[in-house]
Amino acid sequence: QVQVVESGGGLVQAGGSLRLSCAASGSIFSINAMGWYRQAPGKKRELVAVISSGGSTYYADSVKGRFTISRDNAKNTLYLQMNSLKPEDTAMYYCAAGRRIVVVTEVDYWGQGTQVTVSS
């Protein structure tokens, strides 16, 4: 139905920047919103940022002012610009898509994950 693939993760020093990308393909008619979750070892998967097809956005308090989510609707591609990275940002980052994605159990499509590691 829908395939979601992330890229752009890596190892960066504290204070550095990374940009994550997520490409969706297939039967994307049911996608109303796309966003990013992250999960660190021993932690539950948590919502980082969401953007609707209309451009409205949501950010977790922990990343406000540092991360920016954007979406190229023509290319069905999602981005997460991460600046001023902190060690606590270290996690596996997952692209999420669907009609309702603000609750983790309601996400329709998941990417495979891309690892972000921030060193002190």
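Just above, that's the structure.
About the criteria used
- Residues numbered from 1 in each chain as written.
- Predicted model: local features only at pLDDT ≥ 70, side-chain atom pairs only at ≥ 80, totals over all residues.
- Heavy atoms only, no water.
- Helix = DSSP H or I, 4+ residues; strand = E, 2+ residues; numbered from the N terminus.
- Rg over C-alpha atoms; globule rule 2.2 N^0.38 Å.
- Buried < 20%, exposed > 50% of the residue type's maximum accessible area, 1.4 Å probe, protein only.
- Contact = heavy atoms within 4.5 Å.
- Areas by Shrake-Rupley, 256 points an atom, 1.4 Å probe, with all protein chains shown as cover.
- Disulfide = S-S within 2.5 Å.
- Salt bridge = Lys/Arg side-chain N within 4 Å of Asp/Glu carboxyl O.

Further remarks concern the overall build of the chain. When helices and strands are tallied, the chain shows zero helices and 11 strands. Along the chain, helices (α) and strands (β) appear in the sequence β-β-β-β-β-β-β-β-β-β-β when read from the amino end. Taken against the 2.2 N^0.38 rule, which gives 14 Å for 120 residues, the C-alpha radius of gyration of the chain at 13 Å falls within 12% of a compact globule. Principal-axis analysis of the C-alpha atoms gives the chain an extent of 40 × 30 × 25 Å. Burial status across the chain gives 43% buried among its 120 residues. Put simply, of all contacts in the chain between residues at least 6 apart along the chain, 55% involve residues at least 24 apart. Within the structure as shown, the chain displays about 6300 Å² of accessible surface, and the carbon and sulfur contribution to it stands at 49%.

Turning our attention to the state of the cysteines. What the rule picks out here adds up to one disulfide. Note on cysteine connectivity: Cys22 is disulfide-linked to Cys95, with sulfurs 1.9 Å apart. The chirality of the disulfide connecting Cys22 with Cys95 is left-handed, given an S-S dihedral of about -80 degrees. Taken together, the positions of Cys22 in strand E3 (residues 18-26) and Cys95 in strand E9 (residues 91-98) put the pair 73 residues apart, joining distant regions of the chain. Residues Cys22 and Cys95 agree in their burial class; the two are buried.

We now examine the environment of Gly35. Relative to the assigned elements, Gly35 resides in strand E4 (residues 33-39). Taking the C-alpha atoms as reference, Gly35 lies 6.0 Å from Ile51; in sequence the two are 16 residues apart. Every residue in contact with Gly35, bar those within four places of it in the chain, is listed here: Ala49, Val50, Ile69, Leu78, Tyr94, Cys95, Ala96 and Ile101.

With that out of the way, let us pick up the pattern of salt bridges. For the coordinates displayed, the defined rule picks out five salt bridges. The closest approach of N and O atoms between Arg66 and Asp89, which form a salt bridge, is 2.8 Å. Taken together, the residues span a long stretch of sequence, with Arg66 in the loop between strand E6 (57-59) and strand E7 (67-72) and Asp89 in the loop between strand E8 (77-82) and E9 at a distance of 23 residues. Residue Arg66 is classed as buried on the basis of its relative accessible area of 11%. Residues Glu106 and Arg100 are paired through a salt bridge, measuring 3.1 Å at the closest nitrogen-oxygen approach. Residue Glu106 is classed as partly exposed on the basis of its relative accessible area of 31%. With relative accessibility at 56%, the residue Arg100 sits in the exposed group. Where salt bridges share partners, they join Arg38, Glu46, Arg66 and Asp89 into one cluster.

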